[in-house]
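# Structural characterization, general
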Amino acid sequence: MRWIIVSNRLPFRKNEDGELTRSSGGLVTALSGVKTDAEQLWVGIAPESIDENAWQGMPLDYQKRYQPVFVDDTTYDAYYNGIANDVFWPLFHYEGSMIKFSLDNWQAYQRVNDEIAKTIAEHAKPDDVIWIHDFHLFLLPQMLKDLGVTCRIGFFLHIPFPSSELFRQLPIRHELLQGVMGADLIGFHDYSYARHFANTLNNVMNIHADLRGFWWQQRRVEIGVYPVSIDSEHFRQEAASAETQAYAQQWRIAQPGRRWVLGVDRLDYTKGLVLKLQIFADLLENHPQYRGEVSLLQLAIPTRQEVDEYQKLRSEVERMVGEINGKYSTPGYTPVQYMYTSIPLYELLALYRQSAALLVTSRRDGMNLVALEYVVSQGDEDPGVVVLSEFTGAASMLSEALLINPWDIHGSADILAEALGLSLGERQERKRIMQDFLSHYNASDWAESFMRELLRAGQHNEATASQHLFSKAAPQALPNLLSALKSHVYLFLDYDGTLVPIQGRPEQAVMPASTRALMARLLAKENLTVVIVSGRDGDFLQSQFEGLPVMLAAEHGAKFYDPATQAWTSLLWSDVNTWYAGAKAVMENYTRRVPRSHVEPKEYAIAWHYRQSPRTFSNYQAHKLKEDLESGLTHLPATVIAGNKVIEARAVEANKGYFVRNFLTTHPNLVLEDSSFIALGDDTTDDDMMRALPEGGLGIKVGEKSAGASHTIDRQQDVLSFLQELEEYL
Ligand code: GDG
């Protein structure tokens, strides 16, 4: 099994002397820390200054390990700067007002993703596993699926995923989500990002997703949380190396007695450098004992220097450095030492080693590897402390860091002062706990856990494909299902969208004569028991099945009609009066606002239909109605469900799953061991009955696969074919 790693750029570049060196940045640090025996091919855009000709002259091992994609400069600029950096980067870091969207750039983004997809499709073998990295490549998963690539596809996002309230600003929100949903596994650093993503699918795509995943186009897509890590052992060794120690010593000699608060950040607005300087100034102002003793050493790594905002940020940072130094400097004491450059690794590690604290003030940060590197680089004699913004992914990983809200300048300065005052014993203990954790959870563990889950996710989807009834890909699915049936079959059958097609208005959904005849033939079978389980009221169901000896469960099973006794019974014990009038008033309010929507009152439930209403407006209103009802009915014996173009409030017991469970235990002559159970339906409410079946039960879902279903049928018409096959078989 080969890993195909895909990222924006290949992870190396040519320096001024023409030598090939590893590029820097979080993604490269994380991936190059992964130790695996698996063969790897890395696909990405060729490094700057390496064109197709130059590539032919590259060392052979590079040609074997890397597959470049060549993109012209203008397209690259539009894709990388125009969309990835000017739209996704600010939006995903909660800087919504900084977005600059243009359709031309978006088309370039699509073209580059498409180019990369085609290159992968050319090289991928069926048992390869594809691991796509980051926000430059959101469209790649679905593009690969569309090109017929059958490999497992994982996607990992290295930056935060924002709240759905912010995400939905994005002009191309649907395209982005549909692109990434082509993956089998989507990974994030932190639970909050996974939660925002799941909420976004619910709110923007109207897909039911939870923290573990969702169903999409007959496939299960898993969501997972895999906090990135570093090659801890490598950093530990390098930090203790003679070269690093010697450089740290130089600093100590040059500034004897000085204690350093260290900052290491790309000069990017997300890293909160202005906040950091304000916090440090507050420390000097309000904790004067540190004046003359503690200095901030800020390493600002140049990034996107050609962009206006970044130049402005740089001027602002440098102005503030000047201001603080002007105010608090004394002979021999410079409060802020500022370096606008990147430095070799041993120098960086020496700075980690010889500082008293690391100060991270990110406004938002996917993880922040600098904090992890700082921890593993500390020695035991005089370890430093991590003061960490709670808006970083690392805040969920570094249990012994001192967390700050960097927007609270004064409060953060107090915590920084506390960090500088910690005793040696306490610092050692904090360092020990975090180093212990990071020695057992390194970059390889991160990659392995992601890959393990990706292989599992893919297997699941292969199994699902074989359970797709009436699909050409799985001709054996139906015969296998039928031949496994036991001597008696119980069929729980939904009505709208399953036995009859969905209609514009509910009263139009009458049963065609041919379906009625088919039902009559099925009901004559002695080894089959059919129960119609519907959200409809009893009168409607009775009118449709008039003259047919069929059991009816109306209002999601709250009422049950048995043709043997010709009587309806109620399965309810809670009091509908506690919530019904309130729910009705809210729904009527929405009906006034949304054209062609209407309220359907039932005995134990009340439904708001919007099938014929203006699509976008009514979808939006339906979401709001659901939320209003949910908060209004908390603590009352009612549940709110979003069905197919309907929002319904119903008594807690009015639940198809509850009905099926009750039926299984109370129906006379039912012998579990000798029977097979089938639940067939198209809606989320039908999942409840599928999940309530005894072990081995067959949940057949019409449309998208869902959690309770074991099989799927694409279209409502195929339900009738299925019932005919069942009739012939029994
Ligand atoms: C993105 C996400 C997430 C920096 N300056 C020098 C240098 N570095 C190295 C650091 C560290 C890396 O670059 C920076 O990583 P971060 O994680 O702090 O930040 P981003 O580059 O923004 O990374 C981030 C990450 O992806 C991984 O998923 O954590 O949240 O934004 O490794 O050591 N290395 C050397 N000299 C420098 O001057 N040698």
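Structure shown above.
Residues numbered from 1 in each chain as written. Predicted model: local features only at pLDDT ≥ 70, side-chain atom pairs only at ≥ 80, totals over all residues. Heavy atoms only, no water.

### So, unusual backbone geometry
The general pattern is negative phi for most residues beyond glycine and trans for most peptide bonds. Just so we agree on the cut-off: Secondary structure elements follow DSSP: runs of H or I of four or more residues count as helices, runs of E of two or more count as strands, with numbering from the N terminus.
Of note in the backbone geometry, Arg596 takes a positive phi value of approximately 60° without being a glycine. Topologically, Arg596 is positioned in the loop between helix 22 (580–593) and strand 23 (598–601). Backbone geometry places His635, a non-glycine residue, at a positive phi of 70°. Here His635 shows up in the loop between helix 23 (615–632) and strand 25 (638–643).

### Regarding the packing of aromatic side chains
Note the threshold: Side-chain rings of Phe, Tyr and Trp, where Trp is taken by its six-membered ring, are said to pair if the distance between their centres is within 6.5 Å; with planes under 30 degrees apart they count as stacked, over 60 as edge-to-face, and otherwise as tilted. Relative accessibility thresholds used throughout: buried, under 20% of the residue-type maximum; exposed, over 50%; partly exposed, between the two (1.4 Å probe, protein chains only). Only lysine NZ and arginine CZ atoms are considered, and such an atom sits over a ring when it is within 6 Å of the ring centre and within 35 degrees of the ring normal.
As enumerated under the stated definition, the model contains 45 aromatic pairs in all. Their ring planes at 80° and their centres at 5.3 Å tell us that Phe156 and Trp446 sit as a pair that is edge-to-face. Within this pair, whereas Phe156 is found in strand 7 (residues 152–156), its partner Trp446 is found in helix 18 (residues 443–465), the two being separated by 290 residues in sequence. Grouping residues by exposure puts Phe156 and Trp446 together as buried. Aromatic pair Phe188 and Phe197: ring centres 5.3 Å apart, planes at 45°, arrangement tilted. Here Phe188 and Phe197 have matching classes, each one buried. Between the NZ or CZ atom of Lys559 and the centre of the ring of Trp568, over which it lies, the distance is 4.9 Å.

### A word on the sheet that holds strand 13 (residues 336–340)
Note the cut-off: Strand pairing is assigned whenever DSSP identifies at least 2 bridges connecting the two strands. Helix axes are fitted to C-alpha atoms over the stretch in contact, other axes to C-alpha atoms as well, and angles between N-to-C directions run from 0 to 180 degrees.
Spatially, 13-12-11-14-15-16 is the arrangement adopted by the six strands of the open sheet, whose pairing is parallel. Each of the sheet's edge strands pairs with one partner strand only, and the pair in question is strand 13 and strand 16 (402–404). Strand-to-strand twist in this sheet, taken as the mean axis angle between neighbours without regard to direction, amounts to 20°. Bridge count for strand 11 (residues 259–266) against strand 14 (residues 357–360) is two bridges, and the pairing is parallel. Along strand 14, the bridge assignment pairs Leu262 with Leu358.

### Considering the nonpolar core
Applied cut-off: By nonpolar core is meant a set of buried Ala, Val, Leu, Ile, Met, Phe, Trp, Tyr and Cys residues that side-chain atoms within 4.5 Å join together. The contact rule is simple, with two residues in contact once any of their heavy atoms fall within 4.5 Å.
Ranked by size, the top nonpolar core spans 101 residues in total, and within it Phe88 and Phe214 carry the most contacts. The dominant element in this core, judged by the number of residues it contributes, is helix 4 (residues 73–92), at ten residues. If sequence neighbours within four positions are ignored, Phe88 has contacts with Ile83, Trp106, Tyr109, Phe135, Phe138, Ile159, Leu170, Ile172 and Leu176. Counting 65 residues, the second largest nonpolar core, distinct from the first, contains Val360, Val376, Ala395 and Trp446.

### Quick look at the environment of Glu347
Tracing the backbone through its elements, the reader meets Glu347 in helix 14 (residues 345–354). A C-alpha to C-alpha distance of 9.6 Å links Glu347 and Ala246, two positions 101 residues apart in sequence.

### With respect to a negative patch on the surface
Spelled out, the test is: Patch membership needs two things, relative accessible area over 30% and no salt bridge, and members are linked within 9 Å if like-charged or within 5 Å if nonpolar (Val, Leu, Ile, Met, Phe, Trp, Tyr). Surface accessibility in these figures is a Shrake-Rupley result with a 1.4 Å probe; residues are shielded only by whichever protein chains are displayed. The term salt bridge refers to a side-chain nitrogen of Lys or Arg lying within 4 Å of a carboxyl oxygen of Asp or Glu. Under this rule, positive means Lys or Arg and negative means Asp or Glu; His and the chain ends count for nothing. Throughout, a charge is located at the NZ atom of Lys, the CZ atom of Arg, the CG atom of Asp or the CD atom of Glu.
Together, Glu48, Asp72, Asp73, Asp77 and Glu306 line one region of the surface with negative charge. Turning to its location among the elements, Asp77 is positioned in helix 4.

### Remarks on the pattern of salt bridges
Applying the stated criterion to the full structure yields 39 salt bridges. As a salt-bridge pair, Arg319 and Glu316 come within 3.2 Å of each other at their nearest N and O atoms. In this pair, Arg319 and Glu316 are both assigned in helix 13 (residues 308–328), three residues apart and thus about one turn of the helix distant. A relative accessible area of 30% places Glu316 in the partly exposed class. The shortest N-O distance in the salt bridge between Glu453 and Arg456 comes to 3.0 Å. With a gap of three residues between them, Glu453 and Arg456 both fall in helix 18, about one helical turn apart. By relative accessible area, which is 22% here, Glu453 ends up partly exposed. The class for Arg456 is partly exposed, based on a relative accessible area of 43%.

### Considerations on helix 16 (residues 409–420)
Applied cut-off: One less than the residue count of a helix, multiplied by 1.5 Å, gives the span that helix is expected to have.
If you check helix 16, its first and last C-alpha atoms are 17 Å apart, about what twelve residues at 1.5 Å a residue would give, namely 16 Å. In this structure, the buried residues of helix 16 make contact with strand 11, helix 12 (273–286), strand 12 (294–301), strand 14, strand 15 (385–389) and strand 16.

### Re the site of the ligand
We count it as follows: When we say a residue is near a molecule or strand, we mean one of its heavy atoms is within 4 Å of it. Under this definition, polar contacts are N or O atom pairs within 3.5 Å; protein pairs additionally need one hydrogen-donor-capable and one acceptor-capable atom, and for neighbouring residues in sequence, both atoms have to be side-chain atoms. Residues are grouped as follows: nonpolar covers Ala, Val, Leu, Ile, Met, Phe, Trp, Tyr, Cys and Pro; charged covers Asp, Glu, Lys and Arg; every other residue, Gly included, is treated as polar.
With respect to spatial proximity, 24 residues lie near the ligand, and among them His158, Ile343, Asp365, Leu369 and Glu373 are the closest. Measuring from an oxygen atom of the ligand, one finds a side-chain N or O atom of Arg266 at 2.8 Å. In the model, an oxygen atom of the ligand is placed 2.9 Å from a nitrogen or oxygen of the Asn368 main chain. Protein coverage of the free-state accessible area of the ligand, which is 730 Å², stands at 91%. When contributions to the shell around the ligand are tallied by element, the ones reaching two or more residues are helix 1 (26–32), helix 14 and helix 15 (369–377). For the shell around the ligand, the class distribution of residues is twelve nonpolar, eight polar and four charged.

### Focus on the packing of helix 24 (residues 656–666) against helix 25 (residues 684–691)
Stated formally: Each angle is binned into one of four classes, with values under 35 degrees roughly parallel, values over 145 roughly antiparallel, values of 65 to 115 roughly perpendicular, and all other values oblique. Left-handed is the label given to a crossing in which the near helix is rotated counterclockwise from the far helix by less than a right angle, and right-handed is the label when the rotation is clockwise.
Running from N to C, helix 24 and helix 25 point in directions that differ by 25°, and their axes come no closer than 7 Å. With respect to helix 25, the element helix 24 is oriented roughly parallel. Once helix 24 is placed against helix 25, the crossing between them reads as right-handed. Here Lys656, Gly657 and Val660 of helix 24 come into contact with helix 25, specifically with Thr685, Asp686, Asp688 and Met689.

### Things to note about the side chain of Asn8
By secondary structure assignment, the location of Asn8 is in strand 1 (residues 2–9). Side-chain polar atoms of Asn8 contact the side chain of Tyr76, separated by 3.3 Å. Not counting residues up to four positions away in its chain, the partners in contact with Asn8 are Gly44, Ile45, Tyr76, Tyr79, Tyr80, His136 and Leu137.

### Here we look at the environment of Pro331
Considering the arrangement of structural elements, one finds Pro331 in the loop between helix 13 and strand 13. For the pair Pro331 and Gly411, spaced 80 residues apart in the sequence, the C-alpha separation amounts to 29 Å.

### Brief notes about the sheet that holds strand 27 (residues 675–681)
Strand pairing in a sheet takes place through backbone hydrogen bonds and is either antiparallel or parallel in direction. Ordered by their spatial adjacency, nine strands build an open sheet running 17-29-28-27-18-19-20-21-22, and the pairing between neighbours is mixed. Each having just a single partner strand, strand 17 (468–469) and strand 22 (567–570) make up the two edges of the open sheet. Of the strand pairs in this sheet, strand 27 and strand 28 (residues 698–702) are connected by four bridges, and their pairing is parallel. Counted as the bridge partner of Ile678 is Leu698 from strand 28. Across the face of the sheet, helix 24 comes into contact with strand 18 (488–493), strand 19 (528–533), strand 20 (551–554), strand 21 (559–562) and strand 27 while running at roughly 155° to strand 18. Strands in contact with helix 25 are strand 18, strand 19, strand 27 and strand 28; relative to strand 27, the strand with the most contacts, it is inclined by about 170°.

### Concerning the environment of Gly26
Among the structural elements, Gly26 can be located in helix 1. For Gly26, a relative accessible area of 39% gives the class partly exposed. Taking the C-alpha atoms as reference points, Gly26 and Val204, separated by 178 residues in sequence, lie 30 Å from one another.

### Looking at the pairing of strand 21
Sheet topology places strand 20 next to strand 21; three bridges connect them, and they run antiparallel. Across the sheet, Ala553 pairs through a bridge with Phe560, a residue of strand 21. In textbook terms, the turn of a hairpin is the stretch between consecutive antiparallel strands, and for strand 20 and strand 21 this stretch comprises four residues, one of which, Glu555, has a positive phi near 50°. Two successive antiparallel strands, strand 21 and strand 22, enclose a turn made up of four residues, where Gln566 displays a positive phi of approximately 55°.

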